[in-house]
Each structure stands twice: as structure tokens, then as C-alpha cells.
Amino acid sequence: SLSTKPIAKVAEARARKNKRARTKLAAAKKKAEAVANSSEMSEAMKLKAISKAMRGQDAKNPGKTYVVSKKGGGTKGGKGIKLVDKRMRNDKRSMERASKKRKGGKVGGLTGSKKRRNHK
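Since we're looking at a predicted model, the values are computed, not measured.

> Can you walk me through the packing of helix H1 (residues 7-37) against helix H2 (residues 43-54) in this structure?
Helix packing geometry: the angle between the two helix axes and the distance between the axes. Their axes nearest at 8 Å, the elements H1 and H2 cross at an angle of 175°. With respect to each other, H1 and H2 are oriented roughly antiparallel. From H1, Leu25, Ala28, Lys29, Lys31, Ala32, Val35 and Ala36 reach across to H2, where they touch Lys46, Ala49, Ile50, Ala53 and Met54. For the contact of H1 with H2, the residue count by class is nine nonpolar, no polar and three charged.

> How do you make sense of a positive patch on the surface when you look at a structure like this?
The grouping of Lys9, Arg16, Arg20 and Lys24 at the surface amounts to a positive patch. Residue position: lysine 9 is located in helix H1. A residue is classified by how much of its surface remains accessible, and lysine 9, at 55% relative accessible area, is exposed.

> Quick question: what am I supposed to make of the pattern of salt bridges here?
Close approach of charged atoms allows side chains of opposite charge to pair. Tallied over the entire structure, the rule returns two salt bridges. In this structure, lysine 46 engages glutamate 43 in a salt bridge whose closest nitrogen and oxygen atoms are separated by 3.7 Å. With lysine 46 and glutamate 43 both in helix H2 and three residues apart, this pair spans about one turn of that helix. Residue lysine 46 is classed as buried on the basis of its relative accessible area of 12%. The shortest N-O distance in the salt bridge between lysine 92 and glutamate 96 comes to 3.1 Å.

Conventions adopted
Residues numbered from 1 in each chain as written. Predicted model: local features only at pLDDT ≥ 70, side-chain atom pairs only at ≥ 80, totals over all residues. Heavy atoms only, no water. Axes fitted to C-alpha atoms, helices over the stretch in contact; angles between N-to-C directions. Helix = DSSP H or I, 4+ residues; strand = E, 2+ residues; numbered from the N terminus. Parallel < 35°, antiparallel > 145°, perpendicular 65-115°, else oblique. Contact = heavy atoms within 4.5 Å. Nonpolar A, V, L, I, M, F, W, Y, C, P; charged D, E, K, R; others polar. Patch = residues over 30% accessible without salt bridge, like charges linked within 9 Å, V, L, I, M, F, W, Y side chains within 5 Å. Areas by Shrake-Rupley, 256 points an atom, 1.4 Å probe, with all protein chains shown as cover. Salt bridge = Lys/Arg side-chain N within 4 Å of Asp/Glu carboxyl O. Lys, Arg positive; Asp, Glu negative; His and termini not counted. Charge placed at Lys NZ, Arg CZ, Asp CG, Glu CD. Buried < 20%, exposed > 50% of the residue type's maximum accessible area, 1.4 Å probe, protein only.

This is the structure we're talking about:
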């Protein structure tokens, strides 16, 4: 994981990733500008071409960070930070676990003893 790698290596990797993202974004912007300036396309076609060029380039906004507040109340909320209590955090985690479990799901209606009972 990242915690075991040397900091310099991690920084270099992140810099490479950011550089790739910047070059892709620049290329997409250039393409979008060329499409916008072309006169032989209709407005709808232009919109579609531009959205296709920009697809996957949108900066992914990081989600909220959940901070579990303690009794002292020393933590402050800020941009992208939501203060929660222990129960809310546990509820959220259990919901994620349940949805993961559901994703695998049972195949076929009968399971366990019902399946054994009705075998042919």
C-alpha cells in the first residue's frame, strides 16, 4: 500500500498521473474547440461531439469526509467534511456491507434445506 512505499516514489507517481490527466484534458479541450468552430455541423451534433470529447475528463470531486465527533467537540466541520456520531458511521458502514452482500446475491429461488427437500 501507499503507507509502505517511500514518499518520493508516491509523489512521483501522483505527479505522473496528474500530468497524464492534464494532457488528456488539454487534448479534449482542443478537440472541443475545433468542433465548436466548425460550421458544417448542426448545433446538436456539435454538442454531442463535444460531450464525447470531454467524456471521462471531468474532475472527479472527492466525496464527503465523515468525521466522527467525540465528546469534547473539538472538531470543526469545513468544506467537504460532515460531522457524524458513532451510530451514524456504523449505520453507513452496515448499509454498505449489506449492499455488497446483496450484489453477490442468491441465484435461483430455492436455497439450503428447501432445495434439498425438493430435489428430483
